[in-house]
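Structure assessment
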Amino acid sequence: MMARRLVIAGICLAVLIAAVALVLDQMASKPGPATAQSSASPSPGGDPSNGNSSGNASAPPSGSPTSGSSASSPTGGAGDGSGNGSGDGGTAAKPLEVLPPVTATPTGLPVPSAPAPLITGPLPKPGTAKGSVVEGWPSSVVTMPAGTTVGSTSISTSGNVLQLTADGIVGTSQEDVLGAFRQSLVGQGFWSEDAPAPDGAVAARFVRGTDTVTVSVSVTGTGVSRFQLLGTLHTTAD
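**What to know about the packing of aromatic side chains**
Going through the model one piece at a time under the given rule, you end up with one aromatic pair. Taking 5.3 Å as the distance between ring centres and 70° as the angle between the ring planes, the aromatic pair formed by Phe-181 and Phe-227 counts as edge-to-face. Taken as a pair, Phe-181 in helix α3 (residues 174–186) and Phe-227 in strand β7 (residues 225–234) lie far apart in primary sequence, 46 residues in all. For the pair Phe-181 and Phe-227, a shared accessibility class is recorded, and that class is buried.

See the structure below:
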């Protein structure tokens, strides 16, 4: 009985080995994947030695341009059949835009002409006076406020320039003293602006072209206003 079983087991084992060999033989004889065959096969019109198109294949029929040709790339250069244009693929530099030269001369507001001088003729001789107005003082241009007690006045000359200094006392407020000078000078074409002044004083600067008059007003110990004046007038327009 034992010998019979061994014979049957040997026969079964031989059948199994034969079946496995048959399956392996069939698997080895099957063709490879389609992708392997397609990658190995040369494209139509190409060189079978390297499997790639050489780029010199015959032109496609009219009306059916292939990809890579000049007809399918509006921005590239002329194609050579290999799929690459002779241009730079749409990255060609645009011509520089040059602005035309400016021919018209810019125009603006005209430069205002210098005002006519307020004093004419020969300049007076330099001089100084105490308690009065010095001889040659341009009273038609610089007028002292009403009720002024003159402390001193002086004039000096340099070329076409007349320099003035004066000080006096007026029994009115500081603003009234500046207002009197402002009324006299602005009426002759001067414009005024605030000027620096020491503590407790007020000052104004009057300008007309190159002519200037600066007045500073302080308060004395007795409560009256004391002014100091410095002016520069020109006999000709600069």
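Having seen the structure, we can now continue with the description.
**Points about α3**
The end-to-end C-alpha distance of α3, which contains 13 residues, comes to 18 Å, matching closely the 18 Å that a straight helix rising 1.5 Å per residue would cover. Of all the residues in α3, the buried ones are Gln-174, Val-177, Leu-178, Phe-181 and Leu-185. Buried residues of α3, seen end-on, are gathered within an arc of 95° and therefore sit on one face of the element. Exposed residues lying more than 90 degrees from the buried face of α3 are Glu-175 and Gln-183.

**Quick look at the nonpolar core**
Counting 25 residues, the largest nonpolar core has Trp-137, Val-215 and Leu-229 as its most contacted members. Within the residue set of this core, elements represented by two or more residues are β3 (161–170), α3, β5 (202–208), β6 (211–219) and β7. Contact partners of Val-215, with chain neighbours within four places excluded, come to Leu-178, Phe-181, Val-202, Ala-203, Ala-204, Phe-206, Phe-227, Gln-228 and Leu-229.

**Notes on the sheet that holds β3**
The seven strands are arranged β1-β2-β3-β7-β6-β5-β4 in an open sheet whose pairing can be described as antiparallel. With one partner strand each, in any of the chains shown, β1 (127–130) and β4 (191–194) form the two edges of the open sheet. On average, each strand axis in the sheet is inclined to that of its neighbour by 10°, with strand direction left out of account. Bridge count for β3 against β7 is 10 bridges, and the pairing is antiparallel.

The rules behind the values
- Residues numbered from 1 in each chain as written.
- Predicted model: local features only at pLDDT ≥ 70, side-chain atom pairs only at ≥ 80, totals over all residues.
- Heavy atoms only, no water.
- Phe/Tyr/Trp six-rings, centres within 6.5 Å; stacked < 30°, edge-to-face > 60°.
- Helix = DSSP H or I, 4+ residues; strand = E, 2+ residues; numbered from the N terminus.
- Buried < 20%, exposed > 50% of the residue type's maximum accessible area, 1.4 Å probe, protein only.
- Expected span 1.5 Å × (residues − 1).
- Arc of directions from axis to C-beta.
- Core = buried A, V, L, I, M, F, W, Y, C linked by side-chain atoms within 4.5 Å.
- Contact = heavy atoms within 4.5 Å.
- Pairing = 2+ DSSP bridges.
- Axes fitted to C-alpha atoms, helices over the stretch in contact; angles between N-to-C directions.

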